[in-house]
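Topology and contacts: notes
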Amino acid sequence: MLRLQDILHKVSDYNPSADVAIIQRAYDFAAKAHDGQLRRSGDPFVVHPLGVASTIADLKLDVPSVCAGLLHDCVEDTSATTEELSKVFGSEVAFLVDGVTKLGKIAWNTREERQAENFRKMLLAMARDIRVILIKLADRVDNMRTLDSMPAEKQERIAQETMDIYAPLANRLGIQWVKIELEDLSFKYLFRKDYDDLIGKVSKYHKERQKYIDDVTKTLKTELHQANIECEVKGRPKHLWSIHQKMKRTGRELEQLFDIVAFRVLVDSVRACYETLGVVHSKWTPIPGRFKDFIALPKPNMYQSLHTSVIGPRGERMEVQIRTPEMHRVAEEGIAAHWRYKEGRSFDPREEKDQKRFAWLRQLMEWQRDLKDPTEFIETVKIDLFADEVYVFTPKGDVKALPQGANPIDLAYLVHTEVGHHCSGARVNGLIVPLRYTLRNGDTVEIITSPNQKPNKDWLKYVATSSAKAKIRNYLRAETRERSKTLGRELLEREFKRYGIGFAKVLKGGDLDRAAETLHLSSGDDLLIAVGYGKILPADVIEAVVPEDKRQLLPEPAPTANPITQLIRKVTRRQTAGIKVAGEDDVLVRFAKCCSPLPGDPIVGFITRGRGVSVHTLGCQKGVDQDPDRRVDVEWDGKLKSPRPVSIEVVCADKPGLLASISQSFNDLGVNISQANCRSMDGVKAVNTFQFAVSDLEHLKSIMRTLQKINGVYSVARI
C-alpha cells in the first residue's frame, strides 16, 4: 500500500528545498476529515488522496499542488470548508482545491448538464492557474486505476468520459504518459473482450517483438556512431488502445500489423536531429507521405520531434522519432516540463510564450462564455480536444493550424467571423476549389468573400472546427429567431384585434414586457419568439394582458393542459409510441431518423412547425444544431413499449461462412433483419450494415455483445 513517506521522498528528490512538513499536515487533516469513510473497494478513503498526491509528485509539481491533491475531496465529501482550508493552509491551496471540487451541491437537470458545468468551472480555474487541471488529471488517473470495484454501468460511464475529455486533455497538455494510461484503462472498461484478447496476443508475440526491437536498436546505434552522432536509442511497442485502433482501422489481426513498434532516437542538438534523419533514410527506404517535421512546426502543445516511417528489417514498417533530450522531456511531461512555480512565476495567459502554448485553452474559454447549452458545449469540447493539426499558409505567408479534415470555411472563420459568414469560395495554391475541399499540409489558401453570401445548414455537415460550427449555428439560430419573432407578432396582432385592442398600444404601454414577466420570460421580444415557436399560445398572452372583465369576445376557456400540448393537438391527436412531452402522453411526436432513439436512450425534443415534436438522442449532432429555445422536456413512457428500428455496422474479416454465422446469431436471438447491406473492402475486411427492430437499449446491447463474440468480428457499432 502507498505510504505518505513514499510521496515525501519523491518530492524531496526533485525539490530538495520543499517544505514537506506542510504536506504531512495536509495528510493529517485529510485523514481526520475522511476518518470512517471507506471506498467501494473496502479500503480506507484516504488511500485515494494519497494516490492522487503520488501522481502529482510524479508530475514533479510544487508543494501546494501536492497538498491540494491530499485535500481535494475534503470540501466535497466531508464537513470541511474552503474557508477552513484557507485559514489552515493558505489561500493558494484553498483555491486549487476549490477549482477541482465538483459542483455536487447544485441540482442539475441532466448528467450532461452537470458534466458541462463542472468542466466550465475547471476551465475558469485553469485560466487562472493551470495546476487545477493537472490535479484533476491526477484525480482521474487514480480513479481509473481503481475502477474495478465500481458497478459495470458506472465503469462504462466514467471510462467514456475519460476517453472523451480527460485523455485528449492530457494530450493537449502534452503529458503523454497520462494520456496513454487513461486511454488504455478506458479501453479496458469500454471494450473488455477486445482488451483481454489483445493482452493475450501481445503476450504471445512479446519475445518475437522484443528480439526485433533489440536488433533494430543495435543496428541504429552502429549506423549513427559510424556517422559520429552521439545518441540514445530506445524501441517500444505502441500502447494497447493505439494498436486496437489500428486493427479496427485496417481490419487486420495483430500478427498482420508491422508498424506497431516505434523507435526513439535522442541526440544532443537540432542539427543532429536532421543528420540522424539522413542516416535513417539512407539505411532504410522511407515511406512517402509519412515524414512529419514537428521541430520546424511544433504542435500547439509545444511538442517537437521528427517523425518518419520506413521499411525496416524483414520488410516491416516501423516509425522512428528523433528529438533532443529537452524535446523528449517536453513530450513526456508536457506543461509540467515548463513548470515555473518553484521560480516564483505562475502561468500567465497574457504572456506571449504562454499565449502561444495555451491558444487552445483561450479558445475553450471563449466557448464556455458563448455556448450556454450544456450538450453543445460538451460536444464542442470533444471535437476540439481530439483534433490533429494540418498547417496551411495565408497569401501573406502566415501559418495557420487547423484540425485535420478542415476546409476553407474553417479557415475563413479562423480569420474573422464576418469573413466566415461571407465566404463564397477559395483559391488553394492558385486554383479555385469548392468550399468542401479538404485542406492539406502546406496549402496556400486565399479566401474569396461576397457581400451576398451567407451561411447555410449544409455548411454544418462538413466544417471541422468547433468555432466554425458554433458561429454558423448562432447565425442560423438568429435568423430562425427573427422569423419566429415576426410570426409571433403576426399571431398576437391577429389575436388582440379580436378584442378591439391595437397591438401597437400594447407594445407602447409596456404591457408585453409585463406579460413576459408573468409568463417567466425575460422580455417582450422573448415572448414574441416563444409565440412564434409555439411554446406559448396567443390566448395565454391575452390572459396576461387583458383584465378578465374586458374579455367579452373571449371564446370558451381553453383547456388547462400544457400550452405545447394545446398547440400540437390542433394538428392531431395521436398515441405516441411511448413518449411523454412535458408530462403529456398524447402529443404528436416523430423520431429523428438521424439518430433513431431507442427506449433507454437519453432523449431531447424540439418543437417543429406542423409536425409536432421531433425526438433526438441527447448528443445527436443534428439535435445539437437545433435552437435550444425550441427544446422541450421529453421522456420515455415505461407503460408503452413498441419495437423501434435501429441500424448497426459490423466490421469483420472477409472470409467464407462468417456472414452466415452473423445471420445465424440474429436468428438465434429471435431478431428479424429488415434490411442488410454487405460489402467487401480490399478483400481483407467486410463492412456489413443491418437494420432490425428492438424493444429498448438493453435489447440492442445484448445483440451487439453476442455479435462481438463471434470469431472474426472486429467491431460492432450502432449507426
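Described below are features of the structure shown in this document. In this text, all values refer to a predicted model and were calculated from it rather than measured experimentally.

**Brief notes about the overall build of the protein**
Summing up its helical and strand segments, the protein has 31 helices and 21 strands in all. Across the 719 residues that make up the protein, the buried fraction comes to 50%. For the protein, the share of sequence-separated contacts (at least 6 apart) that also reach a separation of at least 24 residues comes to 65%. Accessible surface, the protein: about 35,000 Å² in total, of which carbon and sulfur atoms supply 49%.

**Some thoughts on the environment of Leu519**
Assignment of secondary structure puts Leu519 in the loop between helix H25 (511–518) and helix H26 (524–533). Residue classification places Leu519 among the partly exposed residues on the basis of a relative accessible area of 24%. Here the alpha-carbon distance between Leu519 and Val541, two residues 22 residues apart in the chain, equals 8.2 Å. Contacts of Leu519, omitting those with residues within four sequence positions, involve Leu527, Ile536, Asp540 and Val541.

**Comments concerning the nonpolar core**
In this structure, Ile23, Leu71, Leu220 and Val265 are the most contacted members of the largest nonpolar core, which totals 94 residues. With residues near it in sequence (within four places) discarded, Ile23 still touches Leu4, Leu8, Val11, Val63, Val66, Cys67 and Leu70.

**As for helix H9 (residues 131–145)**
In a regular helix each residue adds 1.5 Å, so 15 residues correspond to 21 Å; H9 covers 21 Å between its end C-alpha atoms and thus fits that length. Across the 15 residues of H9, 13 count as buried, placing the element largely inside the fold.

**Some words on the sheet that holds strand E18 (residues 644–653)**
Read across the open sheet, the four strands follow the order E19-E20-E18-E21; overall the sheet is antiparallel. With one partner strand each, in any of the chains shown, strand E19 (673–681) and strand E21 (713–718) form the two edges of the open sheet. The mean inter-strand angle of the sheet, taken between neighbouring strand axes irrespective of direction, is 15°. With eight bridges joining them, E19 and strand E20 (residues 685–694) adopt antiparallel strand pairing. Within E20, the position partnered with Asn677 by the bridge is Thr689. Along the sheet, helix H30 (residues 658–668) makes contact with E18, E19, E20 and E21, crossing E20 at roughly 15°.

**Some words on the pattern of salt bridges**
Counted according to the given criterion, the structure contains 25 salt bridges. Residues Glu223 and Lys283 are paired through a salt bridge, measuring 3.7 Å at the closest nitrogen-oxygen approach. Of this pair, Glu223 sits in helix H13 (residues 206–226) while Lys283 is found in helix H15 (residues 270–283), placing the two residues 60 residues apart along the sequence. The exposure class assigned to Lys283 is partly exposed, which follows from its relative accessible area of 38%. Across the pair Glu493 and Arg489 runs a salt bridge, and its minimum N-O distance is 3.5 Å. Pair noted here: Glu493 and Arg489 are both in helix H23 (residues 466–497), with a separation of four residues, about one helical turn. Residue class for Glu493 comes out partly exposed when judged on its relative accessible area of 34%. Bridged by salt links that share partners, the residues Asp62, Glu92 and Arg131 form one connected network.

**Topic: the packing of aromatic side chains**
On inspection of all chains with the given rule, the structure shows nine aromatic pairs. Taking the centre distance of 6.5 Å and the plane angle of 50° together, the rings of Phe187 and Phe191 count as tilted. According to the relative accessible area criterion, Phe187 is buried, its value standing at 0%. Judged by its relative accessible area of 32%, Phe191 falls in the partly exposed class. When the centroid spacing of 5.2 Å and the interplanar angle of 55° are considered together, the rings of Phe666 and Phe690 count as tilted. Note that Phe666 is positioned in helix H30 and Phe690 in strand E20, a separation of 24 residues in sequence. For Phe666, a relative accessible area of 1% puts it in the buried group. On the accessibility criterion, Phe690 (1% relative accessible area) is buried. The rings of Phe187, Phe191, Tyr195 and Trp241 are connected pair by pair, giving a single aromatic cluster. When the ring centre of Phe591 is taken as origin, the NZ or CZ atom of Arg644, which lies over that ring, is 3.7 Å away.

**Topic: unusual backbone geometry**
Phi is positive for Lys60, which is not a glycine, with a value near 60°. Tracing the sequence through the fold places Lys60 in the loop between helix H3 (47–58) and helix H4 (63–71). Under the relative-accessibility criterion, Lys60 is labelled partly exposed at 40%. The phi dihedral of Asn429 is positive, around 55°, even though this residue is not glycine.

**Concerning the sheet that holds strand E14 (residues 603–607)**
Ordered in space as E13-E15-E14-E16, the four strands form an open sheet in which the pairing is mixed. Each of the sheet's edge strands pairs with one partner strand only, and the pair in question is strand E13 (589–591) and strand E16 (631–632). One ladder, built from three bridges, connects E13 with strand E15 (residues 613–617); its direction is parallel. Across the sheet, the residue bridging to Phe591 is Val615, located in E15.

**Examining the side chain of Asn688**
Position of Asn688 relative to the elements: it lies in strand E20. Judged by relative accessible area, which is 3%, Asn688 ranks as buried.

**Description of the environment of Phe45**
Tracing the backbone through its elements, the reader meets Phe45 in the loop between helix H2 (20–33) and H3. Phe45 sits 14 residues away from Ala31 along the chain, and the two C-alpha atoms are 8.4 Å apart. Residues in contact with Phe45, not counting those within four places in the same chain, are His34, Gln37, Leu38, Arg39, Asp73 and Asp77.

**Considering a positive patch on the surface**
A cluster of basic residues, Arg249, Arg252, Arg290, Lys292 and Arg317, forms a positive patch at the surface. Mapped onto the elements, Arg249 comes out in helix H14 (residues 240–250). With relative accessibility at 54%, the residue Arg249 sits in the exposed group.

**Re the packing of helix H12 (residues 192–204) against H14**
Running from N to C, H12 and H14 cross one another at 100°; their axes reach a closest spacing of 11 Å. Put simply, H12 runs roughly perpendicular to H14. Residue-level contacts link Asp194, Tyr195, Leu198, Ile199, Lys201 and Val202 of H12 to Leu240, Ile243, His244 and Met247 of H14. Grouping the amino acids of the contact of H12 with H14 by side-chain chemistry returns seven nonpolar, one polar and two charged.

**Observations regarding the pairing of E15**
When you tally the buried positions in E15, you get five out of five residues, the bulk of the element. The side-chain alternation of E15 yields two buried faces, one formed by Val613, Val615 and Thr617 and the other by Ser614 and His616. Inspection of the sheet shows E14 paired to E15 by five bridges, in the antiparallel sense. Within E15, the residue paired with Ile603 across the bridge is Thr617.

**Quick look at the packing of H13 against H15**
Where H13 contacts H15, the axes come no closer than 10 Å and their chain directions differ by 120°. The angle between H13 and H15 places the two elements in the oblique class. As H13 runs across H15, the sense of the crossing is right-handed. Between H13, through Thr219, Leu220, Glu223 and Leu224, and H15, the contact on the second element is made entirely by Thr276, Val279, Val280 and Lys283. Within the contact of H13 with H15, the residues separate by chemical class into four nonpolar, two polar and two charged.

What counts, and where the lines are drawn
- Residue indices follow the written sequence of each chain, beginning from 1 at its first position.
- It should be noted that, the model being predicted, local features are given only for residues of pLDDT at least 70 and side-chain atom pairs only at 80 or more, the latter also being counted only at that level, while totals for whole chains, interfaces and linings use all residues.
- Note that the side-chain values use all heavy atoms of the structure and ignore hydrogens as well as water.
- Secondary structure follows DSSP: runs of H or I at least 4 residues long count as helices, runs of E at least 2 residues long count as strands, and numbering of each begins at the N terminus.
- Buried residues are those whose accessible area, probed at 1.4 Å on protein chains only, stays under 20% of the maximum for their type, while exposed residues exceed 50% and partly exposed ones sit between those limits.
- Whether two residues touch is decided by their heavy atoms; if any such pair falls within 4.5 Å, the residues are in contact.
- Per-residue and other accessible areas were derived by the Shrake-Rupley procedure at a 1.4 Å probe size, with only the shown protein chains allowed to occlude residues.
- Only buried Ala, Val, Leu, Ile, Met, Phe, Trp, Tyr and Cys residues count toward a nonpolar core, and they belong to the same one when joined by side-chain atoms within 4.5 Å.
- For a helix, the expected span equals 1.5 Å multiplied by the number of residues minus one.
- Strands are treated as partners if at least two bridges between them are detected by DSSP.
- Throughout, an axis means a line fitted to C-alpha atoms (over the contacting stretch in the case of helices), and angles, computed between N-to-C directions, take values from 0 to 180 degrees.
- Put simply, a salt bridge is a Lys or Arg side-chain nitrogen that is within 4 Å of an Asp or Glu carboxyl oxygen.
- Side-chain rings of Phe, Tyr and Trp, where Trp is taken by its six-membered ring, are said to pair if the distance between their centres is within 6.5 Å; with planes under 30 degrees apart they count as stacked, over 60 as edge-to-face, and otherwise as tilted.
- Comment: the charge-over-ring label is applied if NZ (Lys) or CZ (Arg) is within 6 Å of the ring centre and within 35 degrees of the ring normal.
- The residues that make up patches have over 30% relative accessible area and no salt bridge, and they are joined within 9 Å when like-charged or within 5 Å when they are Val, Leu, Ile, Met, Phe, Trp or Tyr.
- Counting rule applied: Lys, Arg positive; Asp, Glu negative; His and chain ends not counted.
- The location of each charge is read from NZ of Lys, CZ of Arg, CG of Asp or CD of Glu.
- Roughly parallel means an angle under 35 degrees; roughly antiparallel, over 145; roughly perpendicular, 65 to 115; everything else is oblique.
- Gly counts as polar in this scheme, as do all residues outside two lists: the nonpolar Ala, Val, Leu, Ile, Met, Phe, Trp, Tyr, Cys and Pro, and the charged Asp, Glu, Lys and Arg.
- In this scheme the handedness of a crossing depends on how the near helix is turned from the far one: anticlockwise by less than a right angle means left-handed, clockwise means right-handed.

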